[in-house]
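Next come the chains, spelled out residue by residue.
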Amino acid sequence: MLKHTEHHANTAMQWIEGYARRQKFRRMAQSLLKEKDDTLSDLGYERLDLEGALHLPIRNDAMQYIEARRSKRAMEARRAKSPLLAG
């Protein structure tokens, strides 16, 4: 029974940590979304990515999602500049 209770406590703590992380991200994203698209681009963000991240389930890390999208865009830009990387 104790093990079962510990599991629920761990799960609850993970949910709370995820929720707190998401609220912090939400505040940052809402602030960024007030900026113009060219300003967002200069900062390395895309409006669509920020909006998409805001709709992810709490269990998904929104910053990981944003960083993955940013990395993917950077790789695509490098490939577009260098035909050797296009493969």
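Refer to the structure above for everything that follows.
Focus: the packing of aromatic side chains
Taken as a whole and assessed by the stated rule, the structure comprises one aromatic pair. Judged by centre distance (5.3 Å) and plane angle (10°), the ring pair of Trp-15 and Tyr-19 falls under stacked. Of this pair, Trp-15 and Tyr-19 both sit in helix H1 (residues 2-32), four residues apart, which is roughly one turn of that helix. The partly exposed category is assigned to Trp-15, whose relative accessible area is 48%. Directly above the aromatic system of Tyr-45 lies the positively charged group of Arg-70, at a separation of 4.5 Å from the ring centroid.

A look at the environment of Arg-59
Checked against the element boundaries, Arg-59 lands in the loop between helix H3 (47-54) and helix H4 (62-81). Each C-alpha atom of the pair Arg-59 and Leu-32 lies 22 Å from the other, and the pair is 27 residues apart in sequence.

Here we look at the packing of H3 against H4
Contact geometry for H3 and H4: axes closest at 9 Å, N-to-C directions at 150°. Taken together, the axis directions place H3 and H4 in an arrangement best described as roughly antiparallel. Considering how the two elements wind past one another, H3 and H4 form a crossing that is right-handed. Residues Asp-49, Leu-50, Gly-52 and Ala-53 of H3 pack against Ala-62, Tyr-65, Ile-66, Arg-69 and Arg-73 of H4. Split by residue class, the contact of H3 with H4 holds five nonpolar, one polar and three charged.

Thresholds applied
Residues numbered from 1 in each chain as written. Predicted model: local features only at pLDDT ≥ 70, side-chain atom pairs only at ≥ 80, totals over all residues. Heavy atoms only, no water. Phe/Tyr/Trp six-rings, centres within 6.5 Å; stacked < 30°, edge-to-face > 60°. Helix = DSSP H or I, 4+ residues; strand = E, 2+ residues; numbered from the N terminus. Buried < 20%, exposed > 50% of the residue type's maximum accessible area, 1.4 Å probe, protein only. Lys NZ or Arg CZ within 6 Å of the ring centre and 35° of its normal. Axes fitted to C-alpha atoms, helices over the stretch in contact; angles between N-to-C directions. Parallel < 35°, antiparallel > 145°, perpendicular 65-115°, else oblique. Left-handed = near helix turned anticlockwise from the far one by under 90°. Contact = heavy atoms within 4.5 Å. Nonpolar A, V, L, I, M, F, W, Y, C, P; charged D, E, K, R; others polar.

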